[in-house]
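Architecture at a glance
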Amino acid sequence: MSSTIGLEPVLGRSDEMIVNMGPQHPATHGVLRVVIGLEGERITRAVPHIGYLHRNHEKIEESRTYFQVVPFTDRMDYVSGTQNELPVVLAVEDLAGIEVPERAKMIRTMFFELFRIASHLVWMGTAMLDLGAITPFLYTFWDREIILGIVERTAGARMLPNYYTFGGVRRDLHPHFFKDVAEFLDHLEKRMPDYEHLVLENPIVHARTVGVGVLSKERAVARGVSGPVLRASGVAYDVRKAFPYDAYPEVEFEIPTSDAGDTYARFWVRFQEIYQSVKILRQLLEKTPKTGPFKGRAPARLKISGERYRAVENSRGELGVYVVGDGGDKPYRIKHRGAAFSNLQVIPDLFIGAKFSDAIAILSSLDPVFGEIDR
Amino acid sequence: MDLRIKRERLFDEDVYTVHPDDYRALCEQLKKDGFDYPRAISSLDMGYGLRVVLQLTRMSDLAKVEVRTDVSYDVAAVDSVTDLWPGVEWHEREAYDLMGISFRGHPDLRRLLLEEEWDLHPLQKRYDTGGYLIPDWRPADWPDPAPWQEPAPSQEDAAPEGGEGE
């Protein structure tokens, strides 16, 4: 029975070839299996299978206190670190009525944007690997290493920092933080023209991505996709602007959108987001006081009752959480709304009709991270 | 249309609690009211039954609604809304997989994350994290229902008070 799962619709047709991609395919960014039906070079069917990295975070978190839940969320989207912690922290702060000092909000936002750059750099390197270019990967990971170093100096860990907490952040900034970030931004701005040259202006990338995997505006909204995938289809929806949190109301930035909806547009939007993140970070470096409170008053034992849905705009889109408390110190139920999880649903929409070789390019433009999809 | 429904406002969302038989009708009405963006479907084990929580956003003015409906353990099924919002397809499959709620009319209701042959639903409270069913687990009594409110929400009523959008 299980060996034919996903194949039922296509078994028995002689003009269709079944190709199994994954779960260990190097271009699936983790453990994704897609059963693909082919007619010549064209994809006629695509059935994605997920769950190979499933750990049932949601059940484990029911038996942990709220403070223990926060480091668990780090393990979801493991390339964007602190961004995962924020929805839970915001939801619990809402329910418990915890005040956050202005400086703590700014520190959170700076880390949030640093990890957005880090995540987009990882995407850039791996997407180009999928297209057959090895060089950009080596450059982008070098730059990402600088960000992880900055994070490590303050938070104590590189990829899974467990840095945000209810009422602010766990530690004050490292004395060199402002200098480090300013130097990194200068460095990145010198690098960006190189990246544009390697990726966006690359004729091979153009040939592989322009007009490939077009997602219409209406379909994108109905499918519930978010983040760069939604904005590349022409919808200017960004949780940072729509439902602002932390220090985002105090900084100026734009929402880059494209009307093309193809794979190239999704590449382009991520590039523009890096520029916007640099802009946000530069403003915050000036606005954030060098000293001051980094954490508000929060009870050592949190007892929560009520329900709250909070979302943030992480590197992949709307990362939401639905927290239900029953008055105890442990959550009654936590539901994570994964951004990459919802985005990955469009695989059949985008794959069917495309060429088999384009499936790899389309998948890399969705930027899936399976720690968050499978949870 | 007479829908059995309760309305409240929590933070920045309108929350509708609806009778499971009217769940689908309310969703159709919300779709007509312009709620086009599905955020998520969550599922809860309430101790006396299972709850489905559907969350929607209207892109034009960023209004948010939450639809809740409770079903008993014996029924454990509601109508699917996949045809209204295709984006809930995997969320419904996840709720079926982990919580054991069936969605009538779902095009492809298979387990999403767990092994296909398994017959347990681990997010139910009768399932222990150790991997077994708690032997003396009994469902709680169904709480006394508060009276359903009238009238049903309409286009004007569903708009958020105070102007949530930009």
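Residues numbered from 1 in each chain as written. Chains lettered and ligands numbered in written order. Predicted model: local features only at pLDDT ≥ 70, side-chain atom pairs only at ≥ 80, totals over all residues. Heavy atoms only, no water.

With that settled, the discussion passes to the overall build of chain A. Of the regular secondary structure elements, chain A holds 15 helices and 8 strands. Considering only C-alpha atoms, chain A reaches an extent of 70 × 50 × 35 Å along its principal axes. Across chain A, every contact between residues at least 6 apart in sequence was considered, and the portion connecting residues at least 24 apart equals 72%. With the model as given, the accessible surface of chain A reaches about 13100 Å², and the carbon-plus-sulfur share is 55%. Each charge class in chain A can be summarised by its mean position, and for the 46 positive and 48 negative side chains these summaries are 4 Å apart. (Helix = DSSP H or I, 4+ residues; strand = E, 2+ residues; numbered from the N terminus. Contact = heavy atoms within 4.5 Å. Areas by Shrake-Rupley, 256 points an atom, 1.4 Å probe, with all protein chains shown as cover. Lys, Arg positive; Asp, Glu negative; His and termini not counted. Charge placed at Lys NZ, Arg CZ, Asp CG, Glu CD.)

A few words on helix H1 (residues 23-32) of chain B. Burial analysis of H1 of chain B places 7 of its 10 residues in the buried class, the great majority of the element. Along H1 of chain B, the residues that are buried comprise Tyr23, Arg24, Ala25, Leu26, Cys27, Gln29 and Leu30 of chain B. (Buried < 20%, exposed > 50% of the residue type's maximum accessible area, 1.4 Å probe, protein only.)

The next thing to look at is the environment of His57 of chain A. Residue and element names in this part refer to chain A. If you trace the backbone, His57 turns up in helix H1 (residues 57-62). Overall, the relative accessible area of 2% leaves His57 in the buried class. Excluding anything up to four places from it in sequence, His57 contacts Phe72, Arg75, Met76 and Arg375.

Turning our attention to the packing of aromatic side chains. In total, this model carries 15 aromatic pairs over all chains according to the counting rule given. Taking 6.2 Å as the distance between ring centres and 45° as the angle between the ring planes, the aromatic pair formed by Tyr163 of chain A and Tyr164 of chain A counts as tilted. Judged on exposure class, the residue Tyr163 of chain A and its partner Tyr164 of chain A are both buried. Look at Tyr245 of chain A and Tyr248 of chain A: their rings are 5.1 Å apart centre to centre, the planes differ by 75°, and that puts the pair in the edge-to-face class. Joined through ring pairs, the aromatic side chains of Phe111, Tyr163, Tyr164, Phe177 and Phe178 of chain A make up one cluster. The ring of Trp123 of chain A has Arg270 of chain A lying over it, and the distance from NZ or CZ to the ring centre is 5.0 Å. Above the ring of Tyr332 of chain A, the side-chain terminus of Lys125 of chain B is found at 4.1 Å from the ring centroid. (Phe/Tyr/Trp six-rings, centres within 6.5 Å; stacked < 30°, edge-to-face > 60°. Lys NZ or Arg CZ within 6 Å of the ring centre and 35° of its normal.)

Looking now at unusual backbone geometry. Across residues other than glycine, the phi torsion is negative in most instances, and most of the peptide bonds are trans. Residue and element names in this part refer to chain A. Non-glycine residue Asn162 carries a positive phi angle of around 50°. Along the chain, Asn162 turns up in the loop between helix H5 (135-155) and strand E4 (164-165). Although it is not a glycine, Asp246 sits at a positive phi angle of roughly 45°. Along the chain, Asp246 turns up in the loop between helix H10 (239-242) and helix H11 (263-287).

Let us look at the environment of Pro86 of chain B. Within the element layout of this structure, Pro86 of chain B appears in the loop between strand E6 (77-79) and helix H2 (89-99). Leaving out residues up to four positions away in the same chain, Pro86 of chain B has contacts with Arg219, Ala222, Arg223 and Gln345 of chain A.

Strand-to-strand pairing in sheets goes through backbone hydrogen bonds, with the strands running parallel or antiparallel. All names here are of chain A. Reading across the sheet, the 3 strands line up as E1-E2-E3 and stay open at both edges, with antiparallel pairing between neighbours. Across the chains shown, the open sheet's two edge strands, defined by having one partner strand only, are strand E1 (17-21) and strand E3 (42-49). Strand-to-strand twist in this sheet, taken as the mean axis angle between neighbours without regard to direction, amounts to 20°. When strand E2 (residues 33-39) meets E3, the two strands line up antiparallel, connected through 7 bridges. The residue of E3 that forms the bridge with Val34 is Pro48. Packed onto the sheet, helix H14 (residues 356-366) meets E1, E2 and E3 and runs at close to 30° relative to E1. (Pairing = 2+ DSSP bridges. Axes fitted to C-alpha atoms, helices over the stretch in contact; angles between N-to-C directions.)

This next bit is on the interface of chain B and chain A. Accessible area lost upon the coming together of the parts is a frequently used measure of interface size. Facing 49 residues of chain B, the contacting portion of chain A comprises 45 residues. When chain B packs against chain A, close to 3900 Å² is buried across both sides, 57% of that on carbon and sulfur atoms. Area buried by chain B at its contact with chain A is led by Tyr37, Trp90 and Leu113 of chain B, which between them contribute 19% of it. Across the salt bridge formed by Glu307 of chain A and Arg68 of chain B, the nearest N and O atoms sit 3.3 Å from each other. For the interface between chain B and chain A, the tally reads 22 residue pairs in polar contact (both at pLDDT 80 or more). For the side of chain B that touches chain A, the secondary structure elements donating two or more residues are strand E3 (37-45), strand E4 (50-58), strand E5 (63-71) and H2 of chain B. When residues in the side of chain B that touches chain A are grouped by element, the largest group, 9 residues, is from E3 of chain B. (Buried area = accessible area lost by both parts, 1.4 Å probe. Salt bridge = Lys/Arg side-chain N within 4 Å of Asp/Glu carboxyl O. Polar contact = N/O pair within 3.5 Å; in protein donor to acceptor, adjacent residues only side chain to side chain.)

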